[in-house]
Amino acid sequence: MEQDTFEELEQAFRSAGPAAVFDLLIGQAMQAKDYRMLFGTRMMQIRHELRLPLIETEPTINFAGDRLLAYENALNKAAREAGELYLENGDIVNAWTYFKAIGDLAPVAAAIERVDGGAQLDRVIEIAFHERVHPRKGFELILAHHGICRAITLFAVNRDYTSRQDCLQLLVRSLYGQLTASLRETIASVEGAAPDNASLAELIAGRPWLFEGTSSYVDSTHLTAILRFTPELEETGSLRMAVEMADYGQCLAPMFHFRGDPPFEDTYADHAVCLRALLGENVDHAVAHFRKKASEATAALGDTTPAEVLIELLVRLGRHAEAIEASLQFFPSSGANPLSCASAIQLCQMAGDFRRLRNLARERGDLLAFSAAVIQS
């Protein structure tokens, strides 16, 4: 800032007092697009009005009532003004500082929705995905600019239910798009043209030559990694794509068949069975398939993971009575509750079976569950 400005500030104070100083500062901040200084000026104004020291030194504001309300309102208004001005200038990173302070995510989320790239991209991704301002868009940007491998790694540690669904759909659709594009290119090179708008299932149907030797069309480690998450899917279109990718995997040469964790040891075939059941296809076969795996794993290894998968599948299928029976079979005592699916008590609640909940709670000495059954029944 030029030395003349300091002189102007002193002259403004001598001629018209503090209000003139604040007006001059605001004008300078707006002209320079220095919205940090604008915010600081607004806060200095309210501190002057409340007879506080103009430079903040105290750790907390030691007043209440109307004075505290006035200070908080001024803070919110000043932060919103600075944040909006930064957004108007395309500066999401600095805008977030102010909107975060007042707990308003919506304006920043709306701005992030329009982002395709830019110098601030990595920090915008961090705000969107890691700070939960717009997880779906953040994940979309990760896929577009950092690749599917990085996206898989970040998805694996995301524990937020809502954004997991959105991000998993993006993962599935992204890999499905890569796979169909690669197959169309190969088909066109051999047949002269590839079917327009054909699904993955339609592209591989009747073309066994696509899988001769060690031919593959996407990184198989990416395929198996994504399939591992697909039983979580709820959206029908993405489930259908996941089934088709599992079917594609079964056509690959043995070297691309990586052994998975129980009960999905045969990664492609076992996921295909599960995912089809979630689409309402061959449901009884799927239940029998995973019941057998649960029984064998529990008997031979004491591994209850397949049992938990079975119970979760039965819940997703709306077969709560069977889920309760499976839970009682594989987790017979109150001290052996499953880690990744609903307990027998929870399953009774989900089923609305309060008579059974009451009896089970009495057997297990669970006073809270017993009370819940008595009240709800």
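Our structure's up above, just so we're on the same page.
Right, let's walk through the structure included here. Computed from a prediction, not measured in an experiment: that's the story for all the values here. (Residues numbered from 1 in each chain as written. Predicted model: local features only at pLDDT ≥ 70, side-chain atom pairs only at ≥ 80, totals over all residues. Heavy atoms only, no water.)

**What to know about the packing of helix H5 (residues 92–101) against helix H7 (residues 121–130)**
Between two packed helices, what matters for the description is the angle formed by their axes and the separation of those axes. For the pair H5 and H7, interaxial distance at closest approach is 9 Å and the crossing angle is 35 degrees. Facing H5, whose interface residues are Ile92, Val93 and Trp96, H7 presents Arg123, Val124 and Ile127. A class-by-class count of the residues in the contact of H5 with H7 yields five nonpolar, no polar and one charged. (Axes fitted to C-alpha atoms, helices over the stretch in contact; angles between N-to-C directions. Helix = DSSP H or I, 4+ residues; strand = E, 2+ residues; numbered from the N terminus. Contact = heavy atoms within 4.5 Å. Nonpolar A, V, L, I, M, F, W, Y, C, P; charged D, E, K, R; others polar.)

**Structural notes on unusual backbone geometry**
Put simply, Pro262 and Pro263 share a cis peptide bond, and its omega is 0 degrees. You can see Pro263 is positioned in the loop between helix H12 (236–251) and helix H13 (267–278). The phi torsion at Lys33 lies on the positive side, around 55 degrees, for a residue other than glycine. Turning to its location among the elements, Lys33 is positioned in the loop between helix H2 (18–32) and helix H3 (35–49). A positive phi angle, close to 60 degrees, is found at Asn197, a residue other than glycine. With respect to the secondary-structure elements, Asn197 resides in the loop between helix H9 (161–191) and helix H10 (200–204).

**With respect to the pattern of salt bridges**
Considering all chains together, one arrives at 22 salt bridges under this definition. We note a salt bridge from Arg136 to Glu113, for which the minimum N-O separation is 2.6 Å. In this pair, Arg136 sits in helix H8 (residues 135–156) while Glu113 sits in helix H6 (residues 106–113), placing the two residues 23 residues apart along the sequence. Arg136 gets classed as partly exposed once you look at its relative accessible area, which sits at 26%. (Salt bridge = Lys/Arg side-chain N within 4 Å of Asp/Glu carboxyl O. Buried < 20%, exposed > 50% of the residue type's maximum accessible area, 1.4 Å probe, protein only.)

**Comments concerning the side chain of Thr180**
Its location among the elements puts Thr180 in helix H9. A polar contact of 3.1 Å, which involves the side chain of Thr180, links it to the backbone oxygen of Gly177. Setting aside residues no more than four positions away along its own chain, Thr180 makes contact with Leu200 and Leu203. (Polar contact = N/O pair within 3.5 Å; in protein donor to acceptor, adjacent residues only side chain to side chain.)

**Here's the deal with a negative patch on the surface**
A cluster of like negative charges, contributed by Asp4, Glu7, Glu8 and Glu10, occupies part of the molecular surface. Assignment of secondary structure puts Asp4 in helix H1 (residues 3–16). Of the residues examined, Asp4 reaches a relative accessible area of 51% and is grouped as exposed. (Patch = residues over 30% accessible without salt bridge, like charges linked within 9 Å, V, L, I, M, F, W, Y side chains within 5 Å. Areas by Shrake-Rupley, 256 points an atom, 1.4 Å probe, with all protein chains shown as cover. Lys, Arg positive; Asp, Glu negative; His and termini not counted. Charge placed at Lys NZ, Arg CZ, Asp CG, Glu CD.)

**Quick notes on the nonpolar core**
Counting residues in each nonpolar core, the largest one holds 114 residues, and the members touching the most others are Phe139, Leu171 and Tyr248. The residues touching Leu171, leaving out its near neighbours within four places in the chain, are Phe139, Leu143, Ile148, Ala151, Ile152, Phe155 and Ile226. (Core = buried A, V, L, I, M, F, W, Y, C linked by side-chain atoms within 4.5 Å.)

**Observations regarding the packing of aromatic side chains**
This structure, assessed with the given rule, holds nine aromatic pairs. Ring geometry for Tyr86 versus Tyr98: centroids 5.9 Å apart, planes at 15 degrees, classification stacked. Taken as a pair, Tyr86 in helix H4 (residues 65–88) and Tyr98 in helix H5 lie far apart in primary sequence, twelve residues in all. The same class applies to Tyr86 and to Tyr98, which are both buried. (Phe/Tyr/Trp six-rings, centres within 6.5 Å; stacked < 30°, edge-to-face > 60°.)

**Concerning the environment of Glu265**
With respect to the helices and strands, the residue Glu265 is situated in the loop between H12 and H13. Ignoring anything within four residues of it in the chain, the contact list for Glu265 reads Phe258, Arg259, Gly260, Asp270 and Lys293. Here Lys293 takes part through its side chain, which lies 2.6 Å from a polar atom of the side chain of Glu265.

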